[in-house]
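So the chains spell out like this:
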Amino acid sequence: MEKASFKFRLIKVKYIYRLLGTIISGFALLISLLFIESFFLIKNSSYIESATFLIILLIVMICGYCVFKIIQSTRQGRETVSLTPSGIQSKVFGDIPYAKIHSYWIDLKFTWLNWDNPAPGLRIRLKNNTLIAYDLLSKNNEEGKQEAEVYFSFVLHFMGQMKALDTQGKLSESYFKALANMEKARKRKNNPPVYLYAILLLIFGSILLLTALIK
């Protein structure tokens, strides 16, 4: 295999998951406290008010931290990666010999969030249990679409190289699962899931309910 190089931008999606989880959990806790105060007619509401203030403060602090880490990861995530006959040469992750790779798989969770220009995540587990996570920072413009194509090409080239090196068939199951998930990602890219709009409406409805209960 000749050396193949790819350039795209990465993002650490774990902080996006934490941000969304914090917002959803925070709203659920606040609505629960307001229900308790409204329906159980608690006389001493100072405890509820203090708990509400602490929850809001905690939500703001965690969300602020997650936003900071997301911005930091986008600035540090300009990746130039090359696939050579011996391994991966990555600007972000360093040199990764193929011999040190234990397994790999395609993660589709992030494609549910970024439905404008979804791209699958590539997860590489090394033999020392280190996890290498590739998630594309994709934007819904011409440049973003071009980077998405480069990223798809990188993932497919990597999978093809791993299949070629797997002479004993140990990773054949991983390859076919990854290939199936790549096909799902391609279809999702062309057909964004409609139910995401329902989730946005649900969140908006929760905010309205919370506002009504406060009043």
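Everything below is about the structure printed above this text.
Because the structure is predicted, anything quoted here is derived from the model rather than measured. (Residues numbered from 1 in each chain as written. Predicted model: local features only at pLDDT ≥ 70, side-chain atom pairs only at ≥ 80, totals over all residues. Heavy atoms only, no water.)

1. Some details on helix α4 (residues 142-165)
Step number 1: The first and last C-alpha atoms of α4 sit 35 Å apart over 24 residues, in line with the 34 Å expected at 1.5 Å per residue.
Step number 2: Listed as buried for α4 are Gly144, Glu147, Ala148, Tyr151, Phe152, Phe154, Val155, Phe158, Met159, Gln161 and Met162. (Helix = DSSP H or I, 4+ residues; strand = E, 2+ residues; numbered from the N terminus. Expected span 1.5 Å × (residues − 1). Buried < 20%, exposed > 50% of the residue type's maximum accessible area, 1.4 Å probe, protein only.)

2. Concerning the environment of Ser82
Step number 1: In this structure, Ser82 sits in strand β2 (residues 78-83).
Step number 2: For Ser82, a relative accessible area of 8% corresponds to the buried category.
Step number 3: In this structure, the C-alpha to C-alpha distance between Ser82 and Phe154, residues 72 residues apart in sequence, is 8.8 Å.
Step number 4: Once residues lying within four places of it in the same chain are set aside, the contact partners of Ser82 are Lys3, Ala4, Ser5, Gly87, Ile88 and Gln89.
Step number 5: A polar atom in the side chain of Ser82 sits 2.8 Å from the side chain of Ser5. (Contact = heavy atoms within 4.5 Å. Polar contact = N/O pair within 3.5 Å; in protein donor to acceptor, adjacent residues only side chain to side chain.)

3. Remarks on the sheet that holds strand β3 (residues 87-90)
Step number 1: Pairing is antiparallel in the open sheet, where 4 strands are placed in the order β1-β2-β3-β4. The open sheet has two edge strands, β1 (4-9) and β4 (94-97), and neither has a second partner. Neighbour to neighbour, the strand axes of the sheet diverge by 15° on average, direction disregarded.
Step number 2: Bridge count for β1 against β2 is 6 bridges, and the pairing is antiparallel. Looking at β2, one finds that Ser5 is bridged to Ser82.
Step number 3: Lying on the sheet, α4 is in contact with β1, β2 and β3; it crosses β1 at an angle near 135°. (Pairing = 2+ DSSP bridges. Axes fitted to C-alpha atoms, helices over the stretch in contact; angles between N-to-C directions.)

4. Considerations on the side chain of Asp107
Step number 1: Note on placement: Asp107 falls in strand β5 (residues 101-107).
Step number 2: Residue class for Asp107 comes out buried when judged on its relative accessible area of 11%.
Step number 3: Here Arg123 takes part through its side chain, which lies 3.5 Å from a polar atom of the side chain of Asp107.
Step number 4: In this view, Asp107 contacts Pro120, Gly121 and Arg123; residues no more than four positions away in its chain are not counted.

Purely geometric numbers; function is a separate question.
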